[in-house]
Amino acid sequence: MTLKHLAGASCAAIILALGFSAWAAKPAGEPWRDARLSPDRRADLLLDRMTLDDQIALLHGHMAVLMKSRPPGLIQSAGWVPGQPKYGIPAQSESDASLGVANAGRGDGDDATPLPSGLALASTFSPELAYEGGAMIGKEARQKGFNVLLSGGANLARDPRNGRDFEYLGEDPLLGGKLDAASIRGIQSNHIVSTAKHYALNDQETGRQILSAEIDEAALRESDLLEFKIAIEGGHPGSVMCSYNRLHGTYACENPFLLTDVLKHDWGYPGYVMSDWGAVHSLAAAKAGLDQESGQEIDKQVFFDAPLKAAAKDGEIPARQVRQMAHRVLRSLFAEGLYDHPLAPGGLDTRADSLVSGKVAEQGIVLLKNEGGVLPLAASGGRIAVIGGHADVGVISGGGSSQVIPKGSFKLPPPKGSPGWGGGIVFHPSSPMKAMQARAKGQVEYTDGTDPAAAAALAKGADVAIVFATQWNSEGVDGPLQLTGGQDALIEAVAAANPHTIVVLETGNPVLMPWLDKVQGVLEAWYPGALGGEAIAKVLYGDVDASGRLPISFPKSEDQLPRPELPGLKNALPEGTTTAQPEPPFDVHYTEGSDVGYRWYAAKGMTPLFPFGYGLSYTAFRYGGLKAAGGKGLSVSFTLTNTGKRAGIETPQLYLASGPHRTQQRLLAFARVPLKPGESRTVTLTADPLLLADWDEAGHRWKRDAGRYQLFVGKSAGAAELKGGATLTAETMAP
Ligand code: BGC
């Protein structure tokens, strides 16, 4: 339209014409940019503009290190999905981040703050600390240029030998689910997507790509899936990662039951499912409910590119399904703020961030034995022999894709037969020995423990001997329960030389303790992260109370486990090794069903070495006056008193002991209660309703029977302090 055309037209017509011409020049604006609209609406508006190719481009991502041509500035990390600037869609810049922003492979110049291991975090029983830790790594991720974190590991610790237990949150669905939800919320408070993983039943590393998990539906819903349900419904992660293994013969990433029926339908999950790296085997994955293929370079084909397009064109996969897959990805980018808050890297301050990590470590260290009150160490001095564990340089960490290597770390080559990736055995630069020397008034002397006789000689002349025992665990390989490298013999030798021997364990998992009766003290420090050495020293000297509680049972021997021999050891080759013959797939029968960990011990009437929930404090607590209220819901209240002379933190736990028809133990609620000396508090614990219900397969719902429920409040799954009961009504709950 020109001025000539406008001559002689009425005013209204001119206004209309001008208006129309403005509209015609910018056909419909870009309405999806309006942040007042819901994420779903914005995704729909944007999808209306996108071609099939544009949509498909959202559905498969690269493994940066294997890309043939890398765009300039691309950070080497787990994954990358290109952005689409014409629509304002940011690139999805993905990093592993289970325990901090992973950086193996980016060279020594890269820095990041490692959190303590997942089991250390779970030992705090503190959703608040989980949130703080998540918020810290989410912040660092943005500062380092990432907006999608592959963080939110929530596989149930069915086996204490699982090489990745250190990335997860223990053996209880309620504890793990609540902490995972809090950590996801913390991460996503930074306008970042967090990823709950590995969905589901990747509960051992041996043969993880070939094994088939065998478990009945009710047991599955009440265990592994329950943890994910609590994590996902409480945390709202933008993404969920499906796992490598199969369930009843079907790969998790091609499994309609897991991805569509349960996750998307029953739980109404609105985000997207991404695959684990190399976990897509065919287009069946798209039909089953996978939305995004990750690490496409390591799959046999990029199934979610040309093959998906061809399937959409010939109707094998309806085009509207491709649109829905893209919708889920876009929805999360809008919902979590990635679209509206572009990355602006810079400003990393690992020193400040380490304080968060240190807090988790201090509160997650578990005091397992303290005979004769050998701990806390006397502040007055004396001679202390520190032995082994590279305590002079740092604290050990776990290997694999989650590995964080802060500047100044000390590295050893990985043991033979273990996966080569991940940077070897990494010690975070926080030396317990140096932290003790800074704190001690007396002498702290060190020997590396390679010579048990020399260690015993040093111990003999000391007032106290502290042996640091380390156990490296890693993704891709399951570990033995025995301490390796002659450390049991070292402890025995030191304990024989000095009656005041304390063992500090830095392990990814429970370990066996054949020397337990011979030592006076044991601390489980897990992998304690950036300020782990300082945290260990603080607990040893009693600057803080020993307040961690075990999130996983410690067995007396393999014979106590549901599967004394780890399945598949004969079938599966160590990750990274190749063979001309593909390994035969094998089944893992989870016959313990939902009786995982402490529930297994209770069901079998066995006593573990240390039960779930266990941990000593430097003070003492009295429990009294239990009142239980039933009806529709269940809550108990009781009085908790610190009867000792020091401030301390107690973690009372509410357990179901039996329902109307059967004996069955379950953690129903927990709290973390700080108390000054002499202080009393009334504590109220309310059971999560889901945990009192069973899965009703026929009715496809949760069902609680009416009747009498027996309960106990205790210091651990094995130590009831107060017993009671309540009568509850019958209830049903949506799946
Ligand atoms: C792991 C995932 C990880 C991915 C990308 C896989 O080996 O199982 O947890 O996110 O690699 O690094």
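Residues numbered from 1 in each chain as written. Predicted model: local features only at pLDDT ≥ 70, side-chain atom pairs only at ≥ 80, totals over all residues. Heavy atoms only, no water.

**With respect to the overall build of the chain**
Move 1: Each helix and strand in the chain was counted, giving 19 helices and 31 strands.
Move 2: Its C-alpha atoms give the chain a radius of gyration of 27 Å, near enough to 27 Å, the size a compact globule of 735 residues would have.
Move 3: Principal-axis analysis of the C-alpha atoms gives the chain an extent of 105 × 60 × 60 Å.
Move 4: Burial status across the chain gives 61% buried among its 735 residues.
Move 5: Restricting the contact set of the chain to residue pairs at least 6 apart, pairs at least 24 apart contribute 75%. (Helix = DSSP H or I, 4+ residues; strand = E, 2+ residues; numbered from the N terminus. Rg over C-alpha atoms; globule rule 2.2 N^0.38 Å. Buried < 20%, exposed > 50% of the residue type's maximum accessible area, 1.4 Å probe, protein only. Contact = heavy atoms within 4.5 Å.)

**Re the nonpolar core**
Move 1: Counting residues in hydrophobic clusters, the biggest one holds 72 residues, and the most contacted among them are Tyr-199, Phe-304, Leu-308 and Leu-330.
Move 2: The greatest single-element share of this core, amounting to seven residues, is contributed by helix H13 (residues 319-335).
Move 3: Not counting chain neighbours up to four residues away, the residues in contact with Phe-304 comprise Ile-56, Leu-59, His-60, Val-280, Leu-283, Ala-285, Ala-286, Leu-290, Asp-291, Gln-292, Glu-293 and Met-325.
Move 4: Within the second largest apolar cluster, 50 residues are counted, among which are Leu-226, Phe-621, Tyr-655 and Leu-728. (Core = buried A, V, L, I, M, F, W, Y, C linked by side-chain atoms within 4.5 Å.)

**Regarding the site of the ligand**
Move 1: Near the ligand there are 13 residues, and of these Asp-96, Arg-164, His-198, Asp-276 and Glu-475 occur at the shortest range.
Move 2: For the ligand, an oxygen atom lies 3.1 Å from a polar atom in the side chain of Tyr-244.
Move 3: Coverage of the ligand by the protein chains reaches 91% of its 310 Å² of free accessible surface.
Move 4: Split into classes, the residues belonging to the shell around the ligand amount to five nonpolar, two polar and six charged. (Near = heavy atom within 4 Å. Polar contact = N/O pair within 3.5 Å; in protein donor to acceptor, adjacent residues only side chain to side chain. Areas by Shrake-Rupley, 256 points an atom, 1.4 Å probe, with all protein chains shown as cover. Nonpolar A, V, L, I, M, F, W, Y, C, P; charged D, E, K, R; others polar.)

**As for the sheet that holds strand E28 (residues 701-704)**
Move 1: Here we have three strands laid out as an open sheet, ordered E27-E28-E31, and antiparallel in their pairing. Looking along the sheet, the strands with just one partner apiece sit at the ends: strand E27 (694-696) and strand E31 (731-733). For this sheet the average axis-to-axis angle between neighbouring strands, irrespective of direction, equals 35 degrees.
Move 2: Summarising the sheet, E27 and E28 pair through three bridges and their orientation is antiparallel. (Pairing = 2+ DSSP bridges. Axes fitted to C-alpha atoms, helices over the stretch in contact; angles between N-to-C directions.)

**Observations regarding the side chain of Thr-501**
Move 1: Inspection of the secondary structure assignment puts Thr-501 in strand E17 (residues 501-507).
Move 2: Contacts of Thr-501, omitting those with residues within four sequence positions, involve Ala-465, Val-467, Val-494, Ala-495, Val-519, Gln-520 and Gly-521.

**Thoughts on the state of the cysteines**
Move 1: Inspection of the entire model under this criterion finds one disulfide.
Move 2: Note that Cys-242 is cross-linked by a disulfide to Cys-253, the S-S spacing being 2.1 Å. Measuring handedness by torsion sign, the sulfur bridge of Cys-242 and Cys-253 sits at about 110 degrees and is right-handed. A residue pair is termed long-range when its members are at least 10 positions apart, and Cys-242 in strand E6 (residues 239-242) and Cys-253 in the loop between strand E8 (250-251) and helix H10 (256-266) qualify at 11 residues. (Disulfide = S-S within 2.5 Å.)

**Some remarks on a nonpolar patch on the surface**
Move 1: Together, Val-65, Leu-66 and Ile-298 give the surface a local cluster of nonpolar side chains, amounting to about 220 Å² of exposed area.
Move 2: Here Leu-66 lies in the loop between helix H4 (52-57) and strand E1 (79-81).
Move 3: Take Leu-66: its relative accessible area is 42%, and that puts it in the partly exposed class. (Patch = residues over 30% accessible without salt bridge, like charges linked within 9 Å, V, L, I, M, F, W, Y side chains within 5 Å. Salt bridge = Lys/Arg side-chain N within 4 Å of Asp/Glu carboxyl O.)

**Considering the pairing of E17**
Move 1: Of all seven residues in E17, seven are buried, a share of seventy percent or more.
Move 2: Residues Thr-501, Val-503, Leu-505 and Thr-507 of E17 are buried on one face, and the alternating residues Ile-502, Val-504 and Glu-506, pointing to the opposite face, are buried as well.
Move 3: Direction of pairing for strand E16 (residues 464-471) relative to E17: parallel, over a ladder of seven bridges. Following the sheet pairing, Thr-470 is matched in E17 by Glu-506.
Move 4: Note that the unit made of E16, helix H17 (residues 487-497) and E17 has a crossover that is right-handed.
Move 5: Two strands pair when backbone bridges link them, and E17 and strand E18 (residues 521-524) are joined in this way by four bridges, in the parallel orientation. Looking at the pairing, Leu-505 lines up with Glu-524 of E18. (Right-handed = clockwise from strand over helix to strand, strands pointing away.)

**Comments concerning the environment of Pro-551**
Move 1: Among the secondary structure elements, Pro-551 is positioned in the loop between helix H18 (532-541) and strand E19 (587-589).
Move 2: Given the relative accessible area of 0%, Pro-551 is considered buried.
Move 3: Between the alpha carbons of Pro-551 and Val-467 there is a distance of 24 Å; along the sequence they are 84 residues apart.
Move 4: Every residue in contact with Pro-551, bar those within four places of it in the chain, is listed here: Leu-119, Ala-122, Ser-123, Leu-169, Gly-170, Glu-171, Leu-175, Trp-526 and Phe-612.

**Quick word on the environment of Gly-714**
Move 1: For Gly-714, the location among the structural elements is in strand E29 (residues 707-716).
Move 2: When its relative accessible area of 0% is taken as the criterion, Gly-714 is described as buried.
Move 3: Taking the C-alpha atoms as reference, Gly-714 lies 26 Å from Trp-695; in sequence the two are 19 residues apart.
Move 4: Excluding anything up to four places from it in sequence, Gly-714 contacts Tyr-623, Thr-651, Pro-652, Gln-653, Ala-719, Ala-720 and Glu-721.

**What to know about the packing of helix H7 (residues 173-188) against helix H9 (residues 224-235)**
Move 1: For the pair H7 and H9, interaxial distance at closest approach is 7 Å and the crossing angle is 30 degrees. Classed by the angle they form, the pair H7 and H9 counts as roughly parallel. Like other packed secondary-structure pairs, H7 and H9 cross with a definite hand, here right-handed. Residues Pro-173, Leu-174, Gly-176, Gly-177, Lys-178, Asp-180, Ala-181, Ile-184, Arg-185 and Gln-188 of H7 form the contact with H9, whose own contacting residues are Leu-226, Glu-227, Ile-230, Ala-231, Gly-234 and Gly-235.
Move 2: For the contact of H7 with H9, the residue count by class is seven nonpolar, five polar and four charged. (Parallel < 35°, antiparallel > 145°, perpendicular 65-115°, else oblique. Left-handed = near helix turned anticlockwise from the far one by under 90°.)

**Here's the deal with H17**
Move 1: Considered for burial, the residues of H17 that qualify are Gln-487, Asp-488, Leu-490, Ile-491, Val-494, Ala-495 and Ala-497.
Move 2: In this structure, the buried residues of H17 make contact with strand E11 (383-387), helix H16 (452-460), E16 and E17.

**Some remarks on the sheet that holds strand E21 (residues 635-642)**
Move 1: Strand order across the open sheet formed by three strands is E20-E21-E26, with antiparallel pairing between neighbours. The open sheet has two free edges, formed respectively by strand E20 (621-629) and strand E26 (680-686), since each of these has just one partner strand. With direction set aside, neighbouring strand axes in the sheet form an average angle of 20 degrees.
Move 2: As judged from the seven bridges shared by E20 and E21, these two strands associate in the antiparallel manner. Bridge pairing links Ala-629 to Ser-635 in E21.

**Looking at helix H12 (residues 306-313)**
Move 1: Those residues of H12 that fall on the buried side of the exposure criterion are Leu-308, Ala-311 and Ala-312. Along the axis of H12, the buried positions cluster into a sector of 100 degrees, meaning they face one direction only.
Move 2: Looking at the buried side of H12, the elements it contacts are H4, helix H11 (284-288) and H13.
Move 3: Gly-315 occupies a position one or two residues after H12 and carries a positive phi of about 85 degrees. (Arc of directions from axis to C-beta.)

**Thoughts on unusual backbone geometry**
For residues besides glycine, phi is generally negative; the peptide bonds are generally trans as well.
Move 1: For the bond running from Tyr-199 to Ala-200, omega is 0 degrees, close enough to zero to count as cis.
Move 2: Checked against the element boundaries, Ala-200 lands in the loop between strand E4 (193-199) and strand E5 (212-214).
Move 3: Here the bond from Leu-375 into Pro-376 is cis, since omega is 0 degrees, no more than 30 degrees from zero.
Move 4: Relative to the elements of secondary structure, Pro-376 occurs in the loop between strand E10 (366-370) and E11.
Move 5: Here Trp-526, not a glycine, exhibits a phi torsion of approximately 55 degrees, which is positive.
Move 6: As for its placement among the helices and strands, Trp-526 is situated in the loop between E18 and H18.

Remember that the coordinates give geometry; whether it matters functionally is a separate question.
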